[in-house]
Amino acid sequence: MTDRSSAAHRLWLRSFHQAAPGAPRLLCLPHAGGSASFYFPVSKALSPAVDVLAAQYPGRQDRLAETPAESVQELAQGVFRALDEDDGTPLALFGHSMGALVGFELARLLESAGRPPAVVFLSGRRGPSVHRTETVHEGGDARLIEEVVKLDGTDAALFQDKELLEMILPALRADYRAVETYRRAPGPRLSCRFVVLTGDADPRVTPEEARRWDEETDGPFEMHVYPGGHFYLTARQQDVAARIEATLRRLDPGAGAVA
C-alpha cells in the first residue's frame, strides 16, 4: 500500500474488531446521516470469522470539520481510493439505503479496475432504474428532521439538543441531496453476485422495487424480505448477520478485491 493510499485508508475506513487470519472482508457503507459506528454491532456479530470494515464519510464524527460530499459518486470515489489494489483477500460490500447506492457505484469502479467485489449486499433501497421524485433536501430543517424520525433509524431525542443538531444537520442534508439527486450513469451490467435485503413494511421501497436490482448484474441474484420498516436490519440484526456469514462462507478464497 502506498503512503497516499494508506493515508486515504486511515481517513475513510474504520475497523472495530480483530479478525482471524485469512478471513473474508466485508466493507460496510452507511445510510444518509449515518456513520461508521452504525456497523459496530455487525462487526461484533461477525468477528473474528469476517474482517469487517466500515466507511466513514466526511462531515461526521471524527471527520466533522470536513465538507460533506456532494454526490453518491463522490462518496464511492473516496472509498475506492482508500482500497489497497495489491491485496487479494475477497472483498464483499454491504450498503444500507444511501449506502446501497454507494456500494453499487463502488462495485462499478472496482469492476472497471479489474477487481470486482465477490458479492454486493444491497439493503433498504430500490434498484437505481426506479425513479421517485424526492425533495426532502430542499425543505427546511423541520421537514428534514421529520423525515429522519419517521424512518425510525435515529433516536428522536438527539434532535432536541440544539448543539448536536447544528453538528449533524449539514451532513444529513448533504446526504439527502446526494441520494435524492442520484441518477445511474450509463454503463455495463456488473458480473458480481447481488444479495438484496429489504423490510416488508419499508415506506421508502417496496419489495418489487428492491427486486429491480436484478437489472444491474449478470451474476447470481438473490433477495430476502424481512419483517420491518426501513431499518428492519436493526431489529433483525442476528438474521442479517447470519445471512452475511453464510454467503461469505461460500466465497472462493481467490475472488474479489480487498481493502
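Scroll up a little and you will see the structure.
K.L.:
Describe in detail the side chain of threonine 217, supporting the description with residues and values.
P.N.:
Its location among the elements puts threonine 217 in the loop between α7 (207-211) and β7 (221-226). Here the side chain of threonine 217 touches leucine 190 through a polar contact of 3.2 Å, landing on its backbone oxygen. One polar contact links the side chain of threonine 217 to the main-chain carbonyl oxygen of cysteine 192, over a distance of 2.6 Å. In this view, threonine 217 contacts Arg189, Leu190, Ser191, Cys192 and Phe194; residues no more than four positions away in its chain are not counted.

K.L.:
Requested: an account of the pairing of strand β2 (residues 25-29), with residues and values cited.
P.N.:
Walk down a regular strand and you will see the side chains alternate between the two sheet faces. Of all 5 residues making up β2, 5 are buried, and the element is well covered by its neighbours. Judged by which residues are buried, β2 turns out to be covered on both faces: Arg25, Leu27 and Leu29 on one side and Leu26 and Cys28 on the other are all buried. Taken together, the 4 bridges between β2 and strand β3 (residues 51-55) define a ladder with parallel strand orientation. Residue pairing across strands places leucine 26 opposite valine 52, the latter belonging to β3. On the question of chirality, the crossover connecting β2 to the parallel β3 by way of helix α2 (residues 40-46) is right-handed. Relative to strand β4 (residues 91-96), β2 runs parallel, the two being bridged by 5 bridges. Residue pairing in the sheet places leucine 27 in a bridge with leucine 93 of β4.

K.L.:
Would you mind going over the pattern of salt bridges in detail, with residue names and values included?
P.N.:
Within the structure shown, the criterion is met by 14 salt bridges. With a shortest N-O distance of 2.7 Å, arginine 25 and aspartate 51 are connected by a salt bridge. Placement of the pair is arginine 25 in strand β2 and aspartate 51 in strand β3, with a sequence separation of 26 residues. Across the pair, exposure class does not vary: arginine 25 and aspartate 51 are buried alike. Notably, a salt bridge pairs glutamate 66 with arginine 63, separated by 2.7 Å at the nearest N-O pair. In this structure glutamate 66 comes out as partly exposed when scored by relative accessible area, which is 29%. Classification of arginine 63 as buried rests on a relative accessible area of 3%. Three or more residues joined by partner-sharing salt bridges are found here, namely Arg193, Glu222 and Arg250.

K.L.:
Which residues make up the packing of aromatic side chains, and what values do they have?
P.N.:
Tallying each qualifying case throughout the model produces 8 aromatic pairs. The interplanar angle of 80 degrees and the centroid separation of 6.1 Å between the aromatic rings of tyrosine 39 and phenylalanine 94 together place this pair among those described as edge-to-face. Remark: phenylalanine 94 occurs in strand β4 and tyrosine 39 occurs in the loop between β2 and α2; sequence separation between them is 55 residues. The exposure class assigned to phenylalanine 94 is buried, which follows from its relative accessible area of 2%. Note on phenylalanine 104 and tryptophan 213: the rings are 5.4 Å apart at their centroids and 70 degrees apart in plane angle, and the pair reads as edge-to-face. Pair noted here: phenylalanine 104 is in helix α4 (residues 98-112) and tryptophan 213 is in the loop between α7 and β7, with a separation of 109 residues, a long-range link.

K.L.:
Describe the nonpolar core, and please don't skip the residues or the numbers.
P.N.:
Ranked by internal contacts, the top residues of the largest apolar core, which has 74 residues, are Leu26, Leu27, Leu93, Phe94, Leu106, Phe121 and Leu248. Looking at which element gives the most residues to this core, the answer is α4, with 8 residues. Leave out the neighbours within four places in its chain, and leucine 27 touches Leu13, Leu53, Ala54, Ala55, Val79, Leu83, Leu91, Ala92, Leu93, Phe94 and Leu106.

How each quantity is defined
Residues numbered from 1 in each chain as written. Predicted model: local features only at pLDDT ≥ 70, side-chain atom pairs only at ≥ 80, totals over all residues. Heavy atoms only, no water. Helix = DSSP H or I, 4+ residues; strand = E, 2+ residues; numbered from the N terminus. Polar contact = N/O pair within 3.5 Å; in protein donor to acceptor, adjacent residues only side chain to side chain. Contact = heavy atoms within 4.5 Å. Buried < 20%, exposed > 50% of the residue type's maximum accessible area, 1.4 Å probe, protein only. Pairing = 2+ DSSP bridges. Right-handed = clockwise from strand over helix to strand, strands pointing away. Salt bridge = Lys/Arg side-chain N within 4 Å of Asp/Glu carboxyl O. Phe/Tyr/Trp six-rings, centres within 6.5 Å; stacked < 30°, edge-to-face > 60°. Core = buried A, V, L, I, M, F, W, Y, C linked by side-chain atoms within 4.5 Å.

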